[in-house]
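# Structural features, examined
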Amino acid sequence: MKQYIPNALTLLNLFCGCIAVIFAVNNAFIFAAFFVCFGIFFDFFDGFAARKLNVQSELGLQLDSLADMVTSGLVPGVIMFKLLHLSVGSWQDTTSVLENGSVFNLDFSQLTLDVILPYLGLCITLASAYRLANFNIDTEQQTFFKGLPTPANALLIISLPLILEFQNNDLINSIILNQWFLVSLTCFSCWILNAKLKLFALKFKDFNFKTNATRYIFILLCAVLLIVLKFAALPLIILLYILMSILDAITTK
């Protein structure tokens, strides 16, 4: 019976991801972000449960990546697509283009850069798929990650609507809704997902401070940033994770 527990948690991750997609498509970004967080929670504990119960399997590995593809791959891509639409104000333009012609008889002269640009956000989904497929065949990523894990990247992207909603800072809002900032972030996201950078994993083999110093310091700094900056801390936490991983790799050498 115990062998089904990790897979059940993985399916809960996928279920949360499906709900998040529905909310994201309907512009309910906050609910979408919260369900992504729920999915990431289940994603963390399915692997934890599999290790503790000693029921790790190839099926579980594949199922985990399929669930992550939805929760941490499709959802951030859709959210970036929607944010880019908001940044260029082209949603109504796109709708009119589609309504004024059939699928096979569109007026392509109306397909301006502002109409096409939001689709660039879906590159995050493509990069996530490539990263997950590569992870499944890479035997080295047991104690570390190559490139940013898809859940961490998803947190980076979903933090944007959360900041817009809850921080309510005019300067920050103007930056987030700048189309070139979003395009740059999309490109960075696609690159960092598949970069050859070694990033430490938050997996504790023991609780010894000396062997887990980087992890403990990272968790402490995350807590401080979240208390002080709230949702605005999430992008900084991802940046901190990358920088600390690079520093850890240098000091280890």
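This structure is a prediction, so every number in the text was calculated from the model and none was measured.

What counts and what doesn't
Sequence positions are assigned chain by chain, starting from 1 and proceeding in written order. The predicted origin of the model limits local features to residues at a pLDDT of at least 70 and limits the giving and counting of side-chain atom pairs to 80 or more, whereas totals for whole chains, interfaces and linings rest on all residues. Only hydrogens and water are set aside; all other atoms, that is, all heavy atoms of the structure, feed into the side-chain values. Segments assigned H or I by DSSP are reported as helices when at least four residues long, segments assigned E as strands when at least two residues long, and all are numbered from the N terminus. Note on contacts: a residue pair qualifies if any of its non-hydrogen atoms lie within 4.5 Å across the two residues. All accessible-area figures derive from a Shrake-Rupley calculation using a 1.4 Å probe, and residue coverage is judged against the displayed protein chains alone. Side-chain atoms within 4.5 Å link the members of a nonpolar core, which is a set of buried Ala, Val, Leu, Ile, Met, Phe, Trp, Tyr and Cys residues. Partly exposed residues are those whose accessible area sits between 20% and 50% of the maximum for their type, while under 20% is buried and over 50% is exposed, using a 1.4 Å probe and protein chains only. The charged-residue count follows a simple rule in which Lys and Arg add positive charge and Asp and Glu add negative charge, with His and chain termini not counted at all. Think of a salt bridge as a Lys or Arg side-chain nitrogen and an Asp or Glu carboxyl oxygen that are within 4 Å of each other.

Moving on, we come to the overall build of the protein chain. Broken down by element type, the protein chain carries 11 helices and 2 strands. Secondary structure elements of the protein chain, listed N to C terminal, follow the sequence α-α-α-α-α-α-β-α-α-α-β-α-α. For the protein chain, restricting intrachain contacts to residue pairs at least 6 apart in sequence, the fraction spanning at least 24 positions comes to 74%. Per element, the accessible surface of the protein chain, about 14000 Å² overall, is 70% carbon and sulfur.

Bringing the nonpolar core into the picture now. Counting 53 residues, the largest nonpolar core has I79, M80 and F218 as its most contacted members. Top contributing element to this core by residue count: helix 7 (residues 150-166), with 9 residues. When near neighbours in sequence (up to four residues on either side) are disregarded, I79 contacts A24, F29, A32, I157, I158 and P161.

A separate point is the environment of L117. Residue placement: L117 occurs in the loop between helix 5 (113-116) and helix 6 (123-137). You can call L117 buried: its relative accessible area is 10%. A C-alpha to C-alpha distance of 7.3 Å links L117 and L84, two positions 33 residues apart in sequence. When near neighbours in sequence (up to four residues on either side) are disregarded, L117 contacts L84, V88, Q179 and V183.

Structurally, the position occupied by D68 is in helix 3 (residues 58-88). For the buried D68, which has no salt bridge, the nearest side chain bearing the opposite charge is R131, at an N-O separation of 8.3 Å. Non-local contacts of D68, meaning those with residues more than four positions away in its chain, are made with N13, D43, G73, L132 and T150.

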